[in-house]
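Listed here are the chains, written in short residue letters.
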Amino acid sequence: MTTSTRGAAKVPAVLVLEDGRIFRGRAYGAVGVTFGEAVFSTGMTGYQETLTDPSYHRQVVVMTAPHVGNTGVNDEDPESKQIWVAGYVVRDPARVPSNWRAKRSLDEELRRQGVVGISGIDTRALTRHLRELGAMRVGIFSGNALPDEGTMLAEVRQAPEMKGADLSAEVATKEAYVVPAIGEKKFTVAAVDLGIKGMTPHRMAERGIEVHVLPATATADDVYAVNPDGVFFSNGPGDPATADHPVSVMQAVLERGTPLFGICFGNQILGRALGFGTYKLKYGHRGINQPVQDRTTGKVEVTAHNHGFAVDAPTDKVSETPYGRAEVSHVCLNDNVVEGLHLLDKPAFSVQYHPEAAAGPHDAAYLFDRFVSLMEGQRA
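Residues numbered from 1 in each chain as written. Predicted model: local features only at pLDDT ≥ 70, side-chain atom pairs only at ≥ 80, totals over all residues. Heavy atoms only, no water.

Enquirer: How do you make sense of the packing of helix H8 (residues 244-256) against helix H9 (residues 265-273) when you look at a structure like this?
Expert: Helix-helix packing is characterised by the crossing angle of the two axes and by the distance between the axes. Contact geometry for H8 and H9: axes closest at 9 Å, N-to-C directions at 70 degrees. When the axes of H8 and H9 are compared, the pair comes out roughly perpendicular. Contact residues: H8 offers Asp 244, Pro 246, Val 247, Met 250, Gln 251 and Leu 254, while H9 offers Gly 266, Ile 269, Leu 270, Arg 272 and Ala 273. Here the residues of the contact of H8 with H9 are counted per class, giving seven nonpolar, two polar and two charged. (Axes fitted to C-alpha atoms, helices over the stretch in contact; angles between N-to-C directions. Helix = DSSP H or I, 4+ residues; strand = E, 2+ residues; numbered from the N terminus. Parallel < 35°, antiparallel > 145°, perpendicular 65-115°, else oblique. Contact = heavy atoms within 4.5 Å. Nonpolar A, V, L, I, M, F, W, Y, C, P; charged D, E, K, R; others polar.)

Enquirer: Explain the UniProt feature "binding site: L-glutamine" (unreviewed entry) in the chain to me, please; I cannot follow it from the model alone.
Expert: Those places that UniProt annotates as "binding site: L-glutamine" (unreviewed entry) correspond, in this numbering, to Ser 55, Gly 236, Gly 238, Phe 265, Gln 268, Asn 306, Gly 308 and Phe 309. These annotated residues cover 255 residues of sequence, and their C-alpha atoms lie no more than 13.3 Å from one another, placing them together at a single site. Set against the largest cavity, the annotated residues named above that line it are Asn 306. Looking at the secondary structure, you find Ser 55 in the loop between helix H1 (47-51) and strand E5 (59-63). The residues touching Ser 55, leaving out its near neighbours within four places in the chain, are Asn 235, Gly 236, Pro 237 and Asn 306. Residue placement: Gly 238 occurs in the loop between strand E14 (230-233) and H8. In contact with Gly 238, other than residues within four places in its own chain, are Met 162, Ala 165, Leu 167, Phe 265 and Phe 309. (UniProt positions renumbered as here; feature names shortened; annotations may be inferred. 1 Å grid on protein atoms, 1.4 Å probe; cavity = no way out; pocket = protein on both sides within 12 Å on 5 of 7 lines; lining within 4 Å.)

Enquirer: Help me understand unusual backbone geometry in this model?
Expert: Outside of glycine, negative phi angles account for most residues, and trans bonds account for most peptide bonds. With omega at -5 degrees, the peptide bond leading from Gly 360 into Pro 361 counts as cis. Inspection of the secondary structure puts Pro 361 in the loop between strand E21 (348-351) and helix H10 (366-379). One non-glycine residue with positive phi stands out, namely Asn 227, at about 55 degrees. Take Asn 227: it is sitting in the loop between helix H7 (220-225) and E14. Residue classification places Asn 227 among the exposed positions, given a relative accessible area of 62%. With a phi angle near 65 degrees, Asn 336 is a residue other than glycine that sits in the positive phi range. Within the element layout of this structure, Asn 336 appears in the loop between strand E19 (324-332) and strand E20 (338-343). (Buried < 20%, exposed > 50% of the residue type's maximum accessible area, 1.4 Å probe, protein only.)

Enquirer: What is the right way to look at the pattern of salt bridges in this model?
Expert: Oppositely charged side chains may form a pair once their charged atoms are brought near each other. This structure, assessed with the given rule, holds 19 salt bridges. With its nearest N and O atoms 2.8 Å apart, the salt bridge here joins Arg 272 to Asp 244. Highlighted residues: Arg 272 in helix H9 and Asp 244 in helix H8, separated in sequence by 28 residues. The class for Arg 272 is partly exposed, based on a relative accessible area of 22%. Exposure remark for Asp 244: the relative accessible area of 48% places this residue in the partly exposed category. Asp 294 serves as the salt-bridge partner of Arg 370, at 3.1 Å between the closest nitrogen and oxygen. Of this pair, Arg 370 sits in helix H10 while Asp 294 sits in strand E16 (residues 277-294), placing them 76 residues apart in sequence. On the basis of relative accessibility, which here comes to 24%, the residue Arg 370 falls in the partly exposed class. A relative accessible area of 1% places Asp 294 in the buried class. Each member of the salt-bridge network shares a partner with another, and the members are Asp 75, Arg 104, Glu 109 and Arg 112. (Salt bridge = Lys/Arg side-chain N within 4 Å of Asp/Glu carboxyl O.)

Enquirer: When you look at H9 in this model, what are you seeing that I'm missing?
Expert: In an α-helix, one turn spans 3.6 residues, which is why side chains three or four residues apart end up on the same side. With eight of nine residues buried, H9 lies mostly within the body of the structure. For H9, the complete set of buried residues consists of Phe 265, Gly 266, Asn 267, Gln 268, Ile 269, Leu 270, Gly 271 and Ala 273. Downstream of H9 by a residue or two, Gly 275 has a phi angle that is positive, lying close to 105 degrees.

Enquirer: So what exactly am I meant to see when it comes to H8 here?
Expert: Taking 1.5 Å per residue as the helical rise, H8 with its 13 residues ought to reach 18 Å, and the 19 Å between its terminal C-alpha atoms agrees with that figure. What H8 keeps buried is the set Pro 246, Val 247, Val 249, Met 250, Val 253 and Leu 254. Projection of H8 onto a plane perpendicular to its axis shows the buried side chains occupying an angular sector of 165 degrees, all on one side. Structural note: H8 exposes Glu 255 and Arg 256 on the side pointing more than 90 degrees away from its buried face. Elements that come into contact with the buried residues of H8 comprise H7, E14, strand E15 (260-263), H9, E20 and E21. Gly 257 occupies a position one or two residues after H8 and carries a positive phi of about 75 degrees. (Expected span 1.5 Å × (residues − 1). Arc of directions from axis to C-beta.)

Enquirer: For this particular structure, what's the right way to read the pairing of strand E2 (residues 12-17)?
Expert: Counted residue by residue, E2 has five buried out of six residues, so it is predominantly covered. The pairing of E2 with strand E3 (residues 22-29) spans five bridges and is classified as antiparallel. Of the residues in E3, the one forming a bridge with Val 16 is Ile 22. The sheet contact formed by E2 and strand E10 (residues 136-142) spans five bridges and is antiparallel. (Pairing = 2+ DSSP bridges.)

Enquirer: Quick question: what am I supposed to make of the UniProt feature "active site" (unreviewed entry) in the chain here?
Expert: Mapped onto the present numbering, the UniProt feature "active site" (unreviewed entry) falls on Cys 264, His 354 and Glu 356. Spanning 93 residues, the named residues form one tight spatial group whose C-alpha atoms are at most 11.3 Å apart. From the set just named, the residues that line the largest cavity comprise His 354. Note that Cys 264 resides in the loop between E15 and H9. Sequence-distant contacts of Cys 264, that is, excluding residues within four places in its chain, are made with Asn 235, Asn 306, His 307, Val 351, Gln 352, Tyr 353 and His 354. Looking at the element boundaries, His 354 is found in the loop between E21 and H10. For His 354, a relative accessible area of 2% corresponds to the buried category. His 354 has contacts with Asp 53, Lys 197, Asn 235, Ile 263, Cys 264, Ala 304, His 305 and Asn 306, leaving out every residue within four places of it along the chain.

What follows is the structure, encoded as structure tokens:
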């Protein structure tokens, strides 16, 4: 990615999809060139959390909400230390941010961090295109001396695909760190960082858990060196089919019977650890308005999603695995995609979505209490 942080308000920009479709607009954020996988997010709020979610690494995010940036950017809401999206696509950016917490505009923040974007295009048409044909590679080109269309298309088609991408180590912490419990410490959890969001250990800390966040390269010995009451596997980017190391670590945890909780990428890791396959969704689930049913209670939750891959497990029966019986605990009501797994003979479960969702909704926050209950049961 090449960028310039000079003003971009009237600079021409072009978005080129790998199938040859082209959208022309204006530069938004940094001026330059970027490539990634074009995906769309249906969230109407929480753009700061979206931008700073490490799971969006190497993805160009198209916002379906037409008006973006009206609350500006503050220093409290980021989910990590930087913006991770490869590019940003909006229809109608706010001209002036208006919020008492705002420190700067979204456009300024994108320029400051060198994130290339485009505005003024028909994001509805682009979203419909991606929904019909699927997520695909894309390039955003901006500046006053743009290449010809053929050159831009050739460069997009040379960019790496998301399928087969091993990205967790690129976004995870390089050094272990500790998030202390809030109030009385009740449990210790080892959290394997595959692209963790800052709100996740905070949600555990609120429940009296001291969280030891470990790099994606952590071994089973590293996990058990902190003497954990439970083990957590986080969200993260990339293709779960490449995640052989986290799968082997999770299998070691399952062997020992330590309470285990995984979200998003962690759900896919559990699926693989149990012997299920994974596959790439046509266009994925991204946004904060996805309906999911908890089949253990029958309750329907509105949930936050960010995933382009899913677990291939039977939803109509209990499966036998090397670690006992397993069942699909949650399903997406839009398309019946597996949204959660639950072991019946060991204290382990996972969900495909984000119960920590800082921008909301908070329907699934009870899952952290379920994790606490597993650790309480194990201790008893």
